[in-house]
Amino acid sequence: MTATSMYHVTPKPDHLLVRPFAALDAGNRTTQWITPTGKVMTIPSVIKKLEPWEEAEFDEESVFVEVRDSDGNTTERFVIGAEAQSQKGTPAFEVNKVELAKHFIYATLEPSATQSTVVIECLRIALPDARNLENVALLKELEGVYEFIRNGKHIVASVRHIEPVDETRPAYHYAKENGLFQSPKSLNGILDLGGGTGIGRLYSPSGSLNRQADVIVPGTYSLAEKIDAALLPTTGFSQDLGLIMDAIENGTFTIGTSGIGFADLFEKCRNTWLEDIRGKLRTKWGQYFSEIGEVLIIGGSASLAAPIQKSTNGRFKVAANPQTMSIKGMIL
C-alpha cells in the first residue's frame, strides 16, 4: 500500500468527485467502508433482494439500491444492512464472500453529498487470501462503470482498479504505522475474530507475511452453536444462530423476543470456544512463541477474547479500536 490517503479527494466542477482510494470490508457479521469525508460506516452484513412489489427503507445502517442498465431501466433492487436484517434477508455467512462483494460494493460507491458522479481510482476489497486467483479474477470483473440509485440519489460511479487485500494485513500496517507494537523488531501478529471464522497471521519486522503460520480459528458462529447445543435439552428445538450472535453482541443474552435467555450458559460456552482457539494457535504457532512480541486481537468478536489477554499477561491483547483498525488500515 502507498502512503496516499483516501481523505485527499479531488473535487471537480459541478458534479464529479475523484477519490484516489476507497475500501470495502464485507465480513460475515458486518460490512464496513469509509465515506468521502472519512467517516467509518458499519452495517450488518445481510442482503435482501426485492421483488418489484416489495418495499424497503434506508437509514444510517441500511443502503437501498436500484441498479440501472444503459437505457436507464431498473434491473435489480435490493437492500443491505439493518433493513435487510429486519426483512429476514440472507446473512453473509450463507453467501460466498466474492458474491457478497458484487452487491455490497454499492455501499462504498458514494460521491460527496453535493455531487452525483464519482471516480474511484483504486478500490481495495478485503479477502481471506488474495492469492486465490479465481476469487481475484471475479473481483476484477467488478471494475467498470455503475449507474444506480443509492438511498434515493442517482449516482454514476467508475471503478478504475480493484486491489484485493489480504485480511489482517491492513490492521498490521495500521498498528505498525501508529506504533502499537511495543517490540516492532520482533515477530508480531494479528488475530482477527469474526462471525464465521477468525484468522491469525504473523508478520516479520519488515512486514512480510509468514504464510506457513496462517491459522483459521472458529468465529462466533461456533460459539453460537455451542450455546444452542447447551439450550437444546431445555428448549427442545434449535435456535436461530444469528439471533444468538445478536444477543451476545448487544449483551442481553436473550434470543430475539422469545424470552429464551442463556446468561447462565454464556461464560462456560465462551471458555470452551476460546479453548478451541487457543488449541489451534498452540498447534500452528508453537514453534514461533519464543519469537513473538505481541498479537493484537481485532474484529467484531475481539472483546470476547479478553480472557486470552489476561492469561497471556497482555502478550495477546485486544486492540483499542478492534472494529475499525482493519478498514482504516486499508486506506493508508
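Since we're looking at a predicted model, the values are computed, not measured.

Thresholds applied
Every residue gets a number counted from 1 within its own chain, in the order that chain's sequence is written. A pLDDT threshold of at least 70 governs which residues receive local features in this predicted model, and a stricter bar of 80 or more applies before side-chain atom pairs are shown or counted, although totals over entire chains, interfaces and linings include all residues. Hydrogen atoms and water are omitted, and side-chain values are computed over all heavy atoms in the structure. Relative accessibility decides the category of a residue: with a 1.4 Å probe and only protein chains considered, values under 20% of the type maximum give buried, values over 50% give exposed, and everything between is partly exposed. Strands are runs of DSSP state E lasting at least two residues, helices are runs of H or I lasting at least four, and both sets are numbered from the N terminus onward. Read the arc as the range of directions from the helix axis to the C-beta atoms. Pairing of aromatic rings covers Phe, Tyr and the six-membered ring of Trp, with a centre-to-centre limit of 6.5 Å; geometry is then stacked below 30 degrees between planes, edge-to-face above 60, and tilted otherwise. For every element, the axis is a line fit to its C-alpha atoms; helices are fit only across the contacting stretch, and the angle between N-to-C directions ranges from 0 to 180 degrees. When describing relative orientation, an angle under 35 degrees is termed roughly parallel and one over 145 degrees roughly antiparallel, while 65 to 115 degrees is termed roughly perpendicular and anything else oblique. In this scheme, a crossing is called left-handed if the near helix is turned counterclockwise away from the far one by less than a right angle; it is called right-handed if the turn is clockwise. We call two residues contacting when some pair of their heavy atoms lies within 4.5 Å. Classification used: nonpolar for Ala, Val, Leu, Ile, Met, Phe, Trp, Tyr, Cys and Pro, charged for Asp, Glu, Lys and Arg, polar for all others including Gly. Two strands are counted as paired when DSSP detects at least two bridges linking them.

Undergrad: It is not clear to me how helix α3 (residues 133–140) should be interpreted in this structure. Could you clarify?
TA: A turn of α-helix holds 3.6 residues, and therefore any two residues three or four places apart point the same way. Every buried residue belonging to α3 is among N135, V136 and L139, and all of these are buried. Along the axis of α3, the buried positions cluster into a sector of 100°, meaning they face one direction only. Facing away from the buried surface of α3 by more than 90 degrees, the exposed residues are L133 and E134.

Undergrad: Is there a simple way to think about the packing of aromatic side chains in this case?
TA: Two aromatic rings, taken as a pair, are described by how far apart their centres are and by the angle between their planes. The final tally for this structure, using the stated rule, is eight aromatic pairs. An aromatic cluster is defined as three or more aromatic residues linked by ring pairs; in this entry it consists of F78, Y106, Y146 and F148.

Undergrad: Explain the packing of helix α5 (residues 220–235) against helix α7 (residues 263–285) to me, please; I cannot follow it from the model alone.
TA: The packing of two helices is summarised by the inter-axis angle and the distance between the axes. For the pair α5 and α7, interaxial distance at closest approach is 9 Å and the crossing angle is 135°. Judged on the interaxial angle alone, α7 and α5 are oblique. Regarding α5 and α7, the two cross each other, and that crossing is right-handed. Taking contact as the criterion, the partners of T220, S222, L223, K226, I227, A230 and L231 in α5 are, on α7, L265, F266, C269, R270, T272, W273 and D276. Its residues placed into classes, the contact of α5 with α7 shows eight nonpolar, three polar and three charged.

Undergrad: Just to check I follow, could you spell out the sheet that holds strand β18 (residues 292–298) for this structure?
TA: Remark on secondary structure: sheet strands pair via backbone hydrogen bonds, oriented parallel or antiparallel. In space, the five strands of this open sheet follow the order β15-β14-β13-β18-β19, with mixed pairing throughout. Looking at strand neighbours, the two that pair on one side only are β15 (215–218) and β19 (316–318), the edges of this open sheet. The mean inter-strand angle of the sheet, taken between neighbouring strand axes irrespective of direction, is 25°. Relative to strand β14 (residues 197–203), strand β13 (residues 187–193) runs antiparallel, the two sharing six bridges. Residue pairing across strands places I190 opposite R201, the latter belonging to β14. On top of the sheet, helix α4 (residues 169–177) reaches β13, β14 and β18; it is set at about 130° to β13, its chief contact. Relative to β15, α7 is tilted by about 170°, and along the sheet it contacts β13, β14, β15, β18 and β19.

Undergrad: Just checking my understanding: could you explain the environment of F253 for this structure?
TA: Mapping F253 onto the fold places it in the loop between α6 (241–250) and β16 (254–255). Spatially, the C-alpha atoms of F253 and L265 are 9.4 Å apart, while their sequence positions differ by twelve residues. In this view, F253 contacts A247, I248, I260, G261, F262, A263 and F266; residues no more than four positions away in its chain are not counted.

Undergrad: Sorry, what's going on with unusual backbone geometry here?
TA: Positive phi outside glycine occurs at N151, with the angle close to 50°. With respect to the secondary-structure elements, N151 resides in the loop between β10 (144–150) and β11 (153–159). The backbone phi angle of F253 is positive, close to 55°, even though this residue is not glycine.

Undergrad: Help me out: how do you make sense of the packing of α5 against α6 in this one?
TA: Closest axis-to-axis distance for the α5/α6 pair is 9 Å, and the angle between their directions is 105°. The orientation of α5 with respect to α6, classified from their angle, is roughly perpendicular. When α5 is examined against α6, the residues T220, Y221, L223, A224, E225, I227 and D228 are found in contact with a partner set consisting of L241, I244, M245 and I248. By residue class, the composition of the contact of α5 with α6 is eight nonpolar, one polar and two charged.

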